[in-house]
Protein chains: 2
Amino acid sequence: MADILPATNETTQPGPTSTAIPAADLAAAAAPKHSKEQIVTPFDVSGGVDETGKAVVIDYDKLIDTFGSRRIDAALLERFEKVTGHKPHRMLRRGLVFSHRDVGLLLDKYEKGIPFFLYTGRGPSSDSMHVGHTVPFEFTRYLQEAFNVPLVIMLTDDEKFFHSAKLTLEDCHRFALQNAADIIAIGFDPNKTFMFIDTDFVDGGSGVAFNYNVRVMGKRTTINQIKGTFGFGDSNNIAEFGFPAMQSAAAFATSYPFIFGEDKKRVAKIPCLIPCAIDQDPYFRQCRDNAEKMKYVKPAIIHSVFLPSLRGAETKMSASDTDSSIYLSDTDKQIKRKIGVCFSGGQETREMHRELGGRTDIDIPYQYLRFFLEDDTELERIRVAYEKGEMETSEIKAICTKELTVYVSAFRDRRKAVTEETVKHFLTPRHLDYTGNPFPAIQNSKQTEIETLEKRLAELRATQ
Amino acid sequence: MADILPATNETTQPGPTSTAIPAADLAAAAAPKHSKEQIVTPFDVSGGVDETGKAVVIDYDKLIDTFGSRRIDAALLERFEKVTGHKPHRMLRRGLVFSHRDVGLLLDKYEKGIPFFLYTGRGPSSDSMHVGHTVPFEFTRYLQEAFNVPLVIMLTDDEKFFHSAKLTLEDCHRFALQNAADIIAIGFDPNKTFMFIDTDFVDGGSGVAFNYNVRVMGKRTTINQIKGTFGFGDSNNIAEFGFPAMQSAAAFATSYPFIFGEDKKRVAKIPCLIPCAIDQDPYFRQCRDNAEKMKYVKPAIIHSVFLPSLRGAETKMSASDTDSSIYLSDTDKQIKRKIGVCFSGGQETREMHRELGGRTDIDIPYQYLRFFLEDDTELERIRVAYEKGEMETSEIKAICTKELTVYVSAFRDRRKAVTEETVKHFLTPRHLDYTGNPFPAIQNSKQTEIETLEKRLAELRATQ
């Protein structure tokens, strides 16, 4: 499969060397059969180790097999573009958003004018977010625009507290507020986005419906299931075992009566699409297992890969390792220094590089450009030139530095505009404005539509 | 030990037969060494079985040993009377409230004028409560009066849902509202009592502090601990494992800033006294284990025995076995019928009864009189007459019927006066009015007292 999926306008050919494969395919070729298993859970992400003791990159194809999700193929992207009228996001085009569950079904419904909502989240483990954290959020923002649907963002301060040996709940709550401002600055629509912090979503009575769903989900989940899904043991705490019910309950429209109305039977059928990094999949597998028994529609999921660490593509950026990450708070100078020393796929000497060419599959600047450079033609030009040895390491690093500097400084400007009031607005349970699909391909019968609208109007008037 | 503890004004001698021992001592004599173990957990209560296959009554002395609590002795009752100025409740005098943790320490503090609060609760498993349910509440009402302190009553609708195969959360919530009205009708002071339903205590923002404590407690409790304490296994659900943190968190004054104020450091030192049936002890053992690590004062506990089933003293009344219980909704006629056929300690024939006398230790009417007849002299007269065979079974049943009819009909009248508004008032998070000890034996230094009062006043004014 090519670096850029053929579903986009710019179709490309596979590069001249066999190493020109997308991140999603990197390890499939690299990992030998007797390698130590990779680990991808919400609590631990690392590629395997081969028999020579060398760390290998994460094998995303293998994750699709293990998790039982489906690869996003050209046909799905074509359908996505047809239904939304939007060109697939660069992360979709490049296989960085690579796997899904039931997105086809969701597109079918959207096409018919059935509304849905987006849900994603963040575990606030520190007050500073890095560019790796923004990857699923950038993609989510794009989905919100493409579909014109409401979005719920959950900040799991309690989860981070449950799993940390040193953080207090107050720490995590403070981080959540700071992260909220950062997330808002990514550019979410204030009229279509509701954000909540777990420990605060008991405020103003608005959390009653959500906490109801948490309890019903918790009752349906056994200790055995959590052990099987997350690998916890009997020395883990009960809050860690209990938390998955919370992350699951947030995927049901009935948790948000202030957005979707009080008619639980109708709201139970509103589907959810969850954009998230692949490590969050275990939570939602569990959620999907129980959803139908609870008479709720199963959420659809769309998975992204991890932005690799500056230290190399074997693992993801880590908030606790400052030299592995570019922070949203980094200065231009810091970004330049970090990219300057990051892991390179170039050859040892200029001569060797000219002769053998660079390895884009392990070259961090090239990998970052796949995430952040919008222009497909330019990206392809860079890939070809670097692999042929025509482009030097210093050049590709300069291009990457420029792109990331532009990205982070634009973020910085938007971040300055986010006030305490802005954060408060996003955190306030309220009705959201969204159109959904403005031109559904198949209308409901007029009578059904009139009934639905009348019902909804009556609800809205009653709560005015 | 005599039926009536010598700490009261009416001291009595042991009865003429060796069977005249209090409920708390019943099984100590009766249970042979090789008997099948009794079970007393929040989820299962039954006496053991002896080697002949005969059910034996619950051995409360053994529970004190197993649970590691302390017997309430005459010295403690004497101190209780001295400190509160109130004659010990008949259940205290008769060993029906028989065991405790740290009540001595609590009395020391109360004597010095340090305030505390009472906390008890109910699991709403059905819409009808029986007289067995009112036992700990009757005693709690007495404590509220004797100490003049705030009381918190928790209705655990979620707990009952988590553990039930058939009840929905809506069922349990409905039961909670109905039970709330019944509990109010027992006679709690509306100015000193706050009652909450678990799934609603996320309303109006008032549940934030409580839910904070739930999370911190949950983090401190491992799966191993819950297994050890409650005997759950891996096929139990995560909500069952999680719930004990909720019941524990309710024992901390910091969970109720609207009652005690926002100064967390000060409020963390306000102790709690939990009156409850002995089967709830495992929850609070766990709570006490973690309290100090959370920098909260350990709650004190005071345990009551169970009101025996109409079918016999081997087990407690059960809400699911209508012939085992007298309901608060029973008519006078139903009460008469039920007492008429309940388990008797009388002899088979009138002649045998006159010769051998009745056995008060297993006679249900006598046992009920110990719970409900206030007059110690009259109770002692009945015991002596019945054991001597001078009083017949029909007579003691008639006395018991009369007492229970008076009790239930008085309840019925009070229950009629409880409106939806009354329930709403009790369920509203609000400031409570209480004096605590009006005449503390040891005053704080004037300066400390002035500082405390000024601080509290400032708090109250700030939230006005």
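What counts, and at which threshold
- Residues numbered from 1 in each chain as written.
- Chains lettered and ligands numbered in written order.
- Predicted model: local features only at pLDDT ≥ 70, side-chain atom pairs only at ≥ 80, totals over all residues.
- Heavy atoms only, no water.
- UniProt positions renumbered as here; feature names shortened; annotations may be inferred.
- Helix = DSSP H or I, 4+ residues; strand = E, 2+ residues; numbered from the N terminus.
- Buried < 20%, exposed > 50% of the residue type's maximum accessible area, 1.4 Å probe, protein only.
- Contact = heavy atoms within 4.5 Å.
- Areas by Shrake-Rupley, 256 points an atom, 1.4 Å probe, with all protein chains shown as cover.
- pLDDT = per-residue confidence, 0-100.
- Expected span 1.5 Å × (residues − 1).
- Axes fitted to C-alpha atoms, helices over the stretch in contact; angles between N-to-C directions.
- Parallel < 35°, antiparallel > 145°, perpendicular 65-115°, else oblique.
- Nonpolar A, V, L, I, M, F, W, Y, C, P; charged D, E, K, R; others polar.
- Least-squares fit on C-alpha atoms with pLDDT ≥ 70 in both.
- Phe/Tyr/Trp six-rings, centres within 6.5 Å; stacked < 30°, edge-to-face > 60°.
- Pairing = 2+ DSSP bridges.

- If you check an unreviewed UniProt entry, chain A appears there as Tryptophan--tRNA ligase, cytoplasmic from Gomphillus americanus.
- The record held by UniProt for chain A lists under Catalytic activity (unreviewed entry) the comment "tRNA(Trp) + L-tryptophan + ATP = L-tryptophyl-tRNA(Trp) + AMP + diphosphate + H(+)".
- Among the UniProt annotations of chain A, the heading Sequence similarities (unreviewed entry) holds the following wording: "Belongs to the class-I aminoacyl-tRNA synthetase family."

**A word on the overall build of chain A**
Thought 1: Helix and strand counts for chain A come out as 21 helices and 11 strands.
Thought 2: The buried share of chain A, reckoned over its 464 residues, is 58%.
Thought 3: In chain A, of all internal contacts separated by at least 6 residues, the share reaching a separation of at least 24 is 77%.
Thought 4: When the accessible area of chain A is evaluated, it comes to approximately 19,400 Å², of which 52% is carbon and sulfur surface.

**As for the confidence of the model for chain A**
Residues and elements named next belong to chain A.
Thought 1: When the pLDDT values of chain A are averaged, the result is 87; 88% of them are 70 or greater.
Thought 2: Per-element confidence in chain A ranges from a low mean pLDDT of 43 for helix α1 (residues 26-30) to a high of 98 for helix α18 (residues 376-388).
Thought 3: Predicted confidence for residues 1-32 stays below pLDDT 50, and this span has 73 contacts to residues more than four positions away or in other chains.
Thought 4: Across the whole predicted complex the pTM is 0.81, and at the interface the ipTM reaches 0.78.

**Focus on helix α8 (residues 169-185) of chain B**
All names here are of chain B.
Thought 1: Look at α8: 24 Å from first C-alpha to last across 17 residues, which is about the 24 Å you get at 1.5 Å a residue.
Thought 2: Along α8, 12 of the 17 residues are buried, which leaves the element largely enclosed by surrounding structure.
Thought 3: Among the residues of α8, those classed as buried are Leu169, Asp171, Cys172, Phe175, Ala176, Asn179, Ala180, Ala181, Asp182, Ile183, Ile184 and Ala185.
Thought 4: Positive phi appears at glycine 187, one or two residues downstream of α8, with a value of about 115 degrees.

**Section: the packing of α8(B) against helix α20 (residues 420-427) of chain B**
Residues and elements named next belong to chain B.
Thought 1: Where α8 meets α20, the axes come as close as 10 Å, and the angle between the chain directions of the two elements is 90 degrees. Our classification of the angle between α8 and α20 gives roughly perpendicular. Within the contact between the two elements, α8 uses Leu177, Ala180, Ala181 and Ile184 and α20 uses Thr422, Val423, Phe426 and Leu427.
Thought 2: For the contact of α8 with α20, a count of residues per class yields 7 nonpolar, 1 polar and no charged.

**As for the relation of the copies chain B and chain A**
What relates the two chain copies is a rotation about an axis together with a slide along it.
Thought 1: Least-squares fitting of chain B to chain A yields an RMSD of 0.1 Å, with the superposition described by an axial translation of 0.0 Å and a rotation of 180 degrees. Within this description, the copies of the chain are treated as partners about a two-fold rotation axis.
Thought 2: With an isologous cut-off of 70% or more, the 100% of interface residues of chain B that recur at the interface of chain A puts this contact in the isologous class.

**Brief notes about unusual backbone geometry**
All names here are of chain B.
Thought 1: The phi dihedral of aspartate 102 falls on the positive side, at around 65 degrees, and the residue is not glycine.
Thought 2: Judged by relative accessible area, aspartate 102 falls into the partly exposed class, the value being 26%.
Thought 3: Positioned with a positive phi, lysine 295 is a non-glycine residue whose angle comes to about 65 degrees.
Thought 4: With respect to the helices and strands, lysine 295 occurs in the loop between α14 (281-291) and β9 (300-304).

**A few points about the packing of aromatic side chains**
Residue and element names in this part refer to chain A.
Thought 1: As enumerated under the stated definition, the model contains 68 aromatic pairs over all chains in all.
Thought 2: With a centroid separation of 4.6 Å and 45 degrees between ring planes, the pair formed by phenylalanine 252 and tyrosine 296 is classed as tilted. Placement of phenylalanine 252 in the loop between α11 (238-249) and α12 (257-260) and of tyrosine 296 in the loop between α14 (281-291) and β9 (300-304) is noted, with a sequence separation of 44 residues between them.
Thought 3: Given a relative accessible area of 2%, phenylalanine 252 falls into the buried group.

**Observations regarding the sheet that holds strand β3 (residues 70-71) of chain B**
Residues and elements named next belong to chain B.
Thought 1: Strand order in the open sheet formed by 7 strands is β3-β4-β9-β8-β5-β6-β7, and the pairing between neighbours is mixed. Where the open sheet ends on each side, the last strands, each with one partner, are β3 and β7 (193-197).
Thought 2: When strand β5 (residues 117-122) meets strand β8 (residues 272-277), the two strands line up parallel, connected through 2 bridges. Looking across to β8, one finds that leucine 118 is bridged to leucine 273.
Thought 3: In this fold helix α2 (residues 60-67) packs onto β3 and β4 (97-101), with an angle of close to 5 degrees to the strand it touches most, β4.
Thought 4: Lying on the sheet, helix α5 (residues 103-111) is in contact with β4, β8 and β9; it crosses β9 at an angle near 125 degrees.

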